[in-house]
Amino acid sequence: EALLQAGYHQNVVVQKLRNDPEAQFDQKKIASQICTELGEFYQSQKSDRAIPMFQEALRHDETNVKAMLLLARMHMNANDLDACENQCNDILRVSPTCEDATVMLADVTYRRNRFDDAAFHFQQLLDRAPENYSALYQFLNLLRKAGRLRDKVAEESLKKAERALKPGQPMP
């Protein structure tokens, strides 16, 4: 209830600042955060209002990566792979190093049997974050299922992950 009231009042503030773009920009970011929190609440309640709330958050701030990720996950969970892929691509335009979006995009392409595209996304991620063992596991599993586990790229990825370990740190 309090978030709904906050969202309403924040929209009023945004409207009143139409003639001050800089102040309105800051207030739109706040409105976007409120909408994201409402979306998370609706999502936890399994309400149909979650997706529209995340979309409203993005109308206020199209760079709200948290809202974008939550929306992408909802599309993925609903098996709407096109919408999920589009959302992940939007995220990567705003935040090119977003690991969650890269993994989701790899998962989408894998589910569509586009193994080379999925492998590419995992390789991109593992080049930036070789210690992302969850992604490394998924990548190696993908290579195994595609019959490419003996490829040089699998060995290179494992060596990069091993080098990413700090001395004395046990393997996870």
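These numbers come from a predicted model, not from an experiment. (Residues numbered from 1 in each chain as written. Predicted model: local features only at pLDDT ≥ 70, side-chain atom pairs only at ≥ 80, totals over all residues. Heavy atoms only, no water.)

## Describing the side chain of Asn-64
We apply this condition: Put simply, DSSP marks the helices as runs of H or I at least four residues long and the strands as runs of E at least two long, and each gets a number from the N terminus on. Here a polar contact is taken to be a pair of N or O atoms separated by no more than 3.5 Å, where protein atoms must pair a possible hydrogen donor with a possible acceptor and residues adjacent in sequence count only if both atoms sit in side chains. Here a residue-residue contact requires only that any non-hydrogen atoms of the pair lie within 4.5 Å.
With respect to the helices and strands, Asn-64 occurs in the loop between helix H3 (50-60) and helix H4 (65-77). In this structure the side chain of Asn-64 is engaged in a polar contact, spanning 2.7 Å, whose partner is the side chain of Ser-32. At 2.9 Å, the side chain of Asn-64 forms a polar contact with the backbone nitrogen of Ala-67. Non-local contacts of Asn-64, meaning those with residues more than four positions away in its chain, are made with Ser-32, Gln-33, Thr-36, Ala-57 and Leu-58.

## Describing the nonpolar core
Where we set the bar: In this description, a nonpolar core means a group of buried Ala, Val, Leu, Ile, Met, Phe, Trp, Tyr and Cys residues linked to one another through side-chain atoms lying within 4.5 Å. The rule is simple: take the accessible area with a 1.4 Å probe, protein chains only, and divide by the maximum for that residue type; under 20% is buried, over 50% is exposed, in between is partly exposed.
With 27 residues, the main nonpolar core has Phe-54, Cys-84, Ile-91 and Met-104 as its most contacted residues. Considering each element in turn, this core owes the most residues, eight residues, to H4. Ignoring anything within four residues of it in the chain, the contact list for Met-104 reads Leu-69, Ala-72, Arg-73, Met-76, Cys-84 and Cys-88. Ala-118, Leu-125, Leu-126 and Leu-142 belong to the second largest nonpolar core, which has 16 residues in total.

## Examining the packing of H4 against helix H6 (residues 99-111)
Inclusion rule: Here an axis means a line fitted to C-alpha atoms, over the contact stretch when the element is a helix, while the angle between two N-to-C directions is reported on a 0 to 180 degree scale. Small angles under 35 degrees read as roughly parallel and large ones over 145 as roughly antiparallel, with 65 to 115 read as roughly perpendicular and the rest as oblique. The hand of a helix crossing depends on one turn: near helix anticlockwise from the far one by less than a right angle means left-handed, and clockwise means right-handed. Basically, the charged four are Asp, Glu, Lys and Arg, the nonpolar ten are Ala, Val, Leu, Ile, Met, Phe, Trp, Tyr, Cys and Pro, and anything else, Gly included, counts as polar.
For the pair H4 and H6, interaxial distance at closest approach is 11 Å and the crossing angle is 20°. On the basis of the axis angle, H4 is roughly parallel to H6. Viewed along their axes, H4 and H6 form a crossing whose handedness is left-handed. Where H4 abuts H6, its residues Leu-69, Ala-72, Arg-73 and Met-76 lie against Asp-100, Ala-101, Met-104, Asp-107, Val-108 and Arg-111. Along the lines of polarity and charge, the residues of the contact of H4 with H6 split into six nonpolar, no polar and four charged.

## Topic: the pattern of salt bridges
Think of it this way: side chains of opposite charge can pair up when their charged atoms draw near. Stated precisely, the cut-off is as follows: Whenever a carboxyl oxygen of Asp or Glu lies within 4 Å of a side-chain nitrogen of Lys or Arg, that contact is scored as a salt bridge.
Applying the stated rule across the entire model yields 14 salt bridges. Across the pair Arg-111 and Asp-107 runs a salt bridge whose closest N-O atoms are separated by 3.5 Å. Of this pair, Arg-111 and Asp-107 both sit in helix H6, separated by four residues, roughly a single helical turn. By relative accessible area, Arg-111 is classed as partly exposed at 41%.

## Re the packing of aromatic side chains
As a reminder of what qualifies: Aromatic pairing here means that ring centres of Phe, Tyr or Trp (its six-membered ring) are within 6.5 Å. Orientation follows from the plane angle: under 30 degrees is stacked, over 60 is edge-to-face, and everything else is tilted.
Taken as a whole and judged by the stated rule, the model has three aromatic pairs. Taking the centre distance of 5.8 Å and the plane angle of 55° together, the rings of Phe-41 and Tyr-42 count as tilted. In this structure Tyr-42 comes out as buried when scored by relative accessible area, which is 6%. With centroids separated by 6.2 Å and ring planes inclined at 45°, the aromatic side chains of Phe-122 and Phe-139 adopt a geometry described as tilted. Pair noted here: Phe-122 is in helix H7 (residues 115-128) and Phe-139 is in helix H8 (residues 133-145), with a separation of 17 residues, a long-range link.

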